[in-house]
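Spelled out, the chains give:
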Amino acid sequence: MSLITRYINKEVLISALAVSMVLLLIISSSRFAYYLSKAVTGELDAQAVLIIIVNLLPAYLSTLLPLGGFLGVLLTLGKLSVDNELTVMFANGVSQRQLVQMVLVPLSILAVLVATLSLWLAPETSRNVEEILYQQSHTTEFDSIVAGRFQGNIERQVIYAETISDDRQQLLNVFVFNRPTATASPALIKATSARQIFDETYQERYLLLKQGSRTDGEPGQLDYTVTQFEELAVRLYNEELEINITRGFTLPTLMLIGSDNADHRAQLYWRISLPLMTIIVSFIAIALGQVNPRKGRFVRLLPGILLYLIYLSVLTSLRDEMTKEIANADLKIWLLHGFFLLLGLILLFGPHWFRQWSRRGNINAPA
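What you see as residue numbers is a count from 1 along each chain, following the sequence as written. Restriction of local features to residues with pLDDT of at least 70 applies here, the model being predicted, together with a cutoff of 80 or more for giving and counting side-chain atom pairs; totals for whole chains, interfaces and linings are based on all residues. Processing note: side-chain calculations cover all non-hydrogen atoms of the structure and skip hydrogens and water entirely.

Here the focus is the overall build of the chain. Counting from the N terminus, the helices are the DSSP runs of H or I reaching at least four residues and the strands are the DSSP runs of E reaching at least two. Scanning the chain for helices and strands turns up eight helices and six strands. Listed N to C, the secondary structure of the chain is α-α-α-α-β-β-β-β-β-β-α-α-α-α in terms of helices and strands. By the burial criterion, 42% of the 367 residues in the chain qualify as buried. Exposure was quantified through the Shrake-Rupley algorithm and a 1.4 Å probe, taking into account, for residues, occlusion by the shown protein chains and nothing else. About 20100 Å² of surface is accessible on the chain, with carbon and sulfur atoms providing 60% of the total. Whether a residue is buried, partly exposed or exposed follows from its accessible area with a 1.4 Å probe, protein chains only, as a fraction of its type maximum: under 20%, in between, or over 50%, in that order.

Quick look at the structure:
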């Protein structure tokens, strides 16, 4: 491997990984904030938030690395163009085809990494996330209570306890806001203590409160009632999350092969498309990365990103069409890949092919 090849490979890989890490940080931060808000309200265990984010990273990376590779090539070749290094390379006998071969080495490494993530690691970790959420969905408000903190959903049930016994079996100085349905009047309950019980008949968990009062009525209205009680049972609600650990994106790739399920086939095509996309967009990036030094290295960055987003958005919509069993959606995915591959080849070699065709036309023209 020549010195210039090693230099280009290193620059492309460093740029691609740097861009991917920045994008990953942005996306994971937004998701972390979302799940952290769930933990604050008691809908998720705080310890589960970090585990969920870590398990989401492979799925995010499998989608971001193709874009990182695309931008890495654009930035690297843009820099080489502005510094006139590409001009020197071409003047010393490096052809367009040789440049493509140099750039395809690091992009092939990225494509293998994307294939590993999308075909193997991402489904495994996505299933872990779904299992964690499934477990959390069967956790009651009582299980997630922290002393001195209001926890729950303000639209349904909020529980506050000043202190909790060491064995976590009893709450002391308890406040409960309870609204069984959206149209029902809310109830404010205060009690000196409370503990969790399970009713075998109805297969439900209840909070058994002792020595307190219950106030029923809408806030700001004079129509309310106050009831003193020795004991009062309030049903504890489970967090209802839409969890299905058998969805296509959680299943191993081998289980998707040959499946007649529309969702499974769509997921299989999606997983195969991501590494293919990594290679295909590299041809477009090589063509767009060769800029006029006078116009700057970023002149084609925005058009390139727009072209990539069109590719990705159409691919995503076709995947959704496959899920909905729309006819020929799978064929359209292959046509989409073929179109962008042909576009990249035309952008790269089109001027050369046109010059060759023009020369042949001039040679064959009558004198």
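Attention now moves to the nonpolar core. We call a set of buried residues a nonpolar core when its members are Ala, Val, Leu, Ile, Met, Phe, Trp, Tyr or Cys and they connect through side-chain atoms within 4.5 Å of each other. Formed by 64 residues in total, the largest nonpolar core has its most connected members in Ile8, Tyr35, Ile52, Phe70, Val73, Leu99 and Ile286. Secondary structure elements with two or more residues in this core: helix H1 (3–40), helix H2 (46–82), helix H3 (85–91), helix H4 (96–137), helix H6 (262–289), helix H7 (301–323) and helix H8 (329–364). In terms of residue count, H2 provides more of this core than any other element does, 17 residues in total. Residue contacts are counted whenever heavy atoms from the two residues lie within 4.5 Å of one another. Here isoleucine 52 is in contact with Tyr35, Leu44, Val129, Ile132 and Leu133, once residues within four sequence places are set aside. One finds Ile159, Leu171, Ala194 and Leu209 within the second-largest nonpolar core, a separate group that totals 16 residues.

With that out of the way, let us pick up the pattern of salt bridges. Any Lys or Arg side-chain nitrogen located within 4 Å of an Asp or Glu carboxyl oxygen qualifies as a salt bridge. Tallied over the entire structure, the rule returns eight salt bridges. Its salt-bridge partner being lysine 79, residue aspartate 83 comes within 3.6 Å of it at the nearest N-O pair. When its relative accessible area of 42% is taken as the criterion, aspartate 83 is described as partly exposed. For lysine 79, a relative accessible area of 28% puts it in the partly exposed group.

Residue asparagine 173 is not a glycine yet carries a positive backbone phi of 50°. Since its relative accessible area comes to 41%, asparagine 173 is described here as partly exposed.

Helices are assigned an expected span. That span is 1.5 Å times one less than the residue count. Compared with an ideal rise of 1.5 Å per residue, which puts 28 residues at 40 Å, H6 spans 39 Å between its outermost C-alpha atoms and is within 8% of the ideal. Leucine 276 marks the point of greatest bend in H6, at about 30°. Counting buried residues in H6 gives 23 out of 28 residues, a clear majority hidden from the surface. Side-chain atoms alone can form a polar contact between residues adjacent in sequence; in general such a contact is a pair of N or O atoms within 3.5 Å, and within protein one must be able to donate a hydrogen while the other accepts it. By the N-cap criterion, in which a side-chain oxygen at the helix start approaches the backbone nitrogen of a residue two or three places on, H6 is capped by asparagine 261, the distance to aspartate 263 being 2.9 Å. Axes are fitted to the seven residues ending at a residue and to the seven starting at it; the angle between these axes is taken as the bend at that residue.

Further remarks concern the side chain of serine 259. Note on placement: serine 259 falls in the loop between helix H5 (253–256) and H6. The exposure class assigned to serine 259 is buried, which follows from its relative accessible area of 17%. At 3.2 Å, the side chain of serine 259 forms a polar contact with the backbone nitrogen of asparagine 261. What serine 259 contacts, discounting residues up to four positions off in sequence, is His264 and Arg265.

So, on to the sheet that holds strand E5 (residues 204–216). The criterion for strand pairing is that DSSP finds at least two bridges linking the strands in question. One open sheet accounts for six strands, arranged E1-E2-E3-E4-E5-E6; its pairing is antiparallel. Edge positions in the open sheet fall to strand E1 (151–153) and strand E6 (225–235), since each of these has one partner strand only. Pairs of neighbouring strands in the sheet enclose a mean axial angle of 25°, with direction left out of account. Where strand E3 (residues 170–178) meets strand E4 (residues 187–199), eight bridges bridge the pair, whose relative direction is antiparallel. Paired with leucine 172 across the bridge in E4 is serine 193. To obtain each axis, a line is fitted to C-alpha atoms, and for helices this fit is confined to the stretch in contact; angles are then taken between N-to-C directions over 0 to 180 degrees.

This part is about a nonpolar patch on the surface. Note that patches include only residues with greater than 30% relative accessible area and no salt bridge, and the join distances are 9 Å for like charges and 5 Å for nonpolar side chains (Val, Leu, Ile, Met, Phe, Trp, Tyr). A cluster of nonpolar side chains, namely Phe32, Leu36, Val40, Leu50 and Val54, defines an oily patch on the protein surface of about 440 Å² accessible area. Take the nonpolar patch: its biggest share by element is three residues, from H1. Assignment of secondary structure puts leucine 36 in helix H1.

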